[in-house]
Amino acid sequence: MSQTLSTRRNETAEWWRSAVVYQVYPRSFADSNGDGVGDVNGIRSKLPYLAALGIDAVWISPWYPSPMKDAGYDVSDYRDIEPIFGTLAEADAMVAEAHALGIKVIIDIVPNHTSDQHVLFQQALAAGPGSPERERFIFKPGRGPLGDEPPTDWQSAFGGTAWSRTTNPDGTPGDWYLRLFTPEQPDVNWEHPDIRAEFEQTLRFWFDRGVDGFRIDVAHGLVKDQSFPDEDGMPFPLPLGTAEEVNHPHWDQPRVHEIYRAWRKVADEYTPTRAFCGEIWVGRSDRLAAYLRPDELHTAFNFDFLMTPWLAAPMKAVIDETINSHAAVGAPPTWVLGNHDLCRPVSRYARPQELVQPLDRFLSHYLPHPADFASGLRRARAAALMMFGLPGGAYVYQGEELGLPEAEAIPFAALQDPLVVQSGGENLGRDGCRVPLPWTSAGETYGFSPEGAEQPWLPQPTAWADLAADTQDGQQGSTLEFYREALRVRGQRAELGDGAMTWITTPDDVLAYTRGEHFQCWVNFGDAPISLPEGEILVASGELTAAGLLPRDTTVWLAV
Ligand code: GLC
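Computed from a predicted model, the values in this text were never measured in an experiment.

In this model, the largest pocket occupies a volume close to 960 Å³. Around the largest pocket, the lining is made up of 39 residues, and of these Ser156, Ala157, Phe158, Arg361 and Phe362 lie nearest the centre. A domain split of the lining of the largest pocket shows at least three residues from each of domain 1 (2-111 + 193-486) and domain 2 (119-178).

Laid out in structure tokens, this is it:
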């Protein structure tokens, strides 16, 4: 691991334009105290592993106090650490140690909703209908003569109505409150100045502790159409390429941009500026780019790329669309292949790619199709190398560097995701990508917890012994060594990260691009091996043929 800190991209003022950010899902990363749930000291113990992987930053999914009705995305206190995960002092120590290793730290902020146990929501419930405390959330009387029908037809992202009814202090049925996710996640009212002040204070709280940025949960959902019209089945997000303009009552409302202009001012009070990355599902690249105007967010995940099947033409189209729409606002693209909500890339790419439909992203979308996991892994590696060469920054979700597939056979009774129940079992949810990591091939929990610990909060597939980090460490050709090599080379090549790219003319099943004069990336999506131009192979996602040809589902970086 010869990466020297001086070659790290994150030492530049605008580090986020080029950074490779590793997503840590704290529940499933590393458990230091043996309770079967990962924790802050677990993250801390693996910082040397992350430094050796060659990433520039980590993004840590919510670590705040939470009743865990949505795995921590139901926050009851934004300025502390959940006791299952540790303490604020441990978090401070972790951030300081990450910084000492040259790793930036991004944390998650959840501004669309709180937990129903948050003090502001508890105060709102106690204060009763018509009180000023209730104005901080979205309470409305029901429809129908008895008020027993939801105030609008809005649907929860997890299924069913987006409204829950309250009970009045005297026991009679009361008003309804909006919650676009679970009943335990009430949406806050962003029209209210207290809410704006509250979240800006939270930003400062963590920025003052040295945190380098925030990933913003459901960033396109905060503002609601104040006339509360029905949504009438309006689809959202729209599939990529949809030209139609829609005005959805609670997604991507135009006034949401005001909030991020205010947040940007807060970030810019700090030196160097702190960075934001939005989780924004809009499905139209121009509307995504609108969040990345110079006075708004720095970056936003490009989910269109993630949902594109492993086929040359649609991949080329989505890359072009992304680069062009981001260039129009001067923002860098942010590439991503997976996260804690989405079926892992190995399992997505294992399915016949012609069958992938727009917006397919959950295990339940892929499960009905036959799987070829060897191809899935080849393609996931090829996709990663293609991605790391593209202009902009990239995210790696924990376990991608081990080539982990989705855990597809978790017993139904062990599933924890509220999406499963709320969808009536129709969606098998997101637990398959949240299974605790295998660190060692030996041991009851493959090194996730110390020996003799509680069972991990989700069961681990036994086949994961072969994918454990220690099995792959030092093994030439392993996915872990491939990631290390790719990120080491990426860190050394000045032409990678932010900047321009140019396509090379190729046959239909091949994509190839240049970065600068001396770097080329070649990707073979077709069945037949292809010949490569003269040059030195810098990194390959898989072995070349004996004759030096690039086989199917393989990517190489060449110095020419
Ligand atoms: C985001 C999170 C997801 C969560 C939802 C509600 O999409 O990534 O995990 O369930 O928001 O907070």
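Moving on, we come to the site of the ligand. Taken together, 14 residues sit near the ligand, with Asp70, Asp217, Glu279, His340 and Asp341 positioned nearest. In this structure, Arg430 approaches the ligand through a side-chain N or O atom, which is 2.9 Å from an oxygen atom. Compared with its free state, where it exposes 310 Å², the ligand has 96% of that area covered by protein. Judged by the proximity of its atoms to the pocket grid, the ligand belongs to the largest pocket. Partitioning the shell around the ligand into residue classes produces 4 nonpolar, 3 polar and 7 charged.

In this section: helix α10 (residues 312-327). Every α-helix carries 3.6 residues per turn, so stepping three or four residues along brings you back to the same face. With 16 residues, α10 should cover 22 Å at 1.5 Å per step; its first-to-last C-alpha distance of 22 Å lies within 8% of that length. The set of residues buried in α10 consists of Ala312, Met315, Val318, Ile319, Thr322, Ile323, Ser325 and His326.

In the segment running from Phe236 into Pro237, the intervening peptide bond is cis, with an omega of -5°. Locating Pro237 in the fold gives a position in the loop between β7 (213-216) and α7 (256-268). The residue after Thr271, namely Pro272, is reached through a cis peptide bond having omega -10°. Along the chain, the position of Pro272 falls in the loop between α7 and β8 (275-278). Positive phi outside glycine occurs at Met68, with the angle close to 60°. By the secondary structure assignment, Met68 is in the loop between β2 (57-60) and α4 (88-100). Phi angles above zero are rare outside glycine, and Leu359 is one such case at about 75°.

A few words now on the sheet that holds strand β14 (residues 519-524). Sheets are built from strands that pair by backbone hydrogen bonding, the pairs being arranged parallel or antiparallel. With antiparallel pairing, 5 strands are arranged side by side in an open sheet as β12-β13-β14-β16-β15. Each end of this open sheet is capped by a strand with a single partner; those strands are β12 (502-503) and β15 (536-540). By the bridge criterion, 6 bridges tie β14 to strand β16 (residues 554-559) in an arrangement that is antiparallel. Bridge assignment links Phe519 to a residue of β16, and that residue is Ala559. Contacts from helix α13 (residues 373-389) reach β13 (510-515), β14, β15 and β16, with the element oriented near 35° to β16. The strands touched by helix α16 (residues 479-492) within the sheet are β15 and β16, with β15 carrying the most contacts at an inclination of about 130°.

Parameters at a glance
Residue numbers here run from 1 along each chain, matching the order of that chain's written sequence. Totals for whole chains, interfaces and linings use all residues, but because this is a predicted model, local features are given only for residues with pLDDT of at least 70 and pairs of side-chain atoms are given and counted only at 80 or more. Side-chain metrics rest on all non-hydrogen atoms present in the structure, leaving aside hydrogens and water. Think of a 1 Å grid over just the protein atoms. A cavity is a set of points where a 1.4 Å probe fits yet cannot get out, a pocket is an open set with protein on both sides within 12 Å along at least five of seven lines, and lining residues have an atom within 4 Å of a point. Grid points are joined across faces, edges and corners, and a volume is the space filled by probe spheres set on the points. Domain delimitation follows an automatic or database domain assignment. A molecule or strand has a residue near it when one of that residue's heavy atoms lies within 4 Å. In protein, a polar contact requires one atom able to donate a hydrogen and another able to accept it; more generally it is a pair of N or O atoms within 3.5 Å, and residues adjacent in sequence count only if both atoms are side-chain atoms. Using a 1.4 Å probe, accessible areas were evaluated by the Shrake-Rupley method; residue-level cover was limited to the displayed protein chains. Grid points define the cavity or pocket, and a molecule sits in it when more than half of its atoms lie within 2 Å of them. In this classification, the charged set is Asp, Glu, Lys and Arg, the nonpolar set is Ala, Val, Leu, Ile, Met, Phe, Trp, Tyr, Cys and Pro, and all remaining amino acids, among them Gly, are polar. Helix and strand definitions here come from DSSP, where helices need a minimum of 4 consecutive H or I residues and strands a minimum of 2 consecutive E residues; each element is numbered from the N-terminal end. Residue count minus one, scaled by 1.5 Å, sets the expected span of a helix. The buried label applies to any residue whose accessible area, calculated with a 1.4 Å probe on protein chains only, is under 20% of its type's maximum; exposed applies above 50%, and partly exposed to all values in between. Following DSSP output, two strands are said to pair if at least two bridges run between them. The criterion used for residue contact is that any of the two residues' heavy atoms lie within 4.5 Å. Axis lines are fitted to C-alpha atoms, over the contacting stretch for helices. Their N-to-C directions set the angle, which ranges from 0 to 180 degrees.

Remember that the coordinates give geometry; whether it matters functionally is a separate question.
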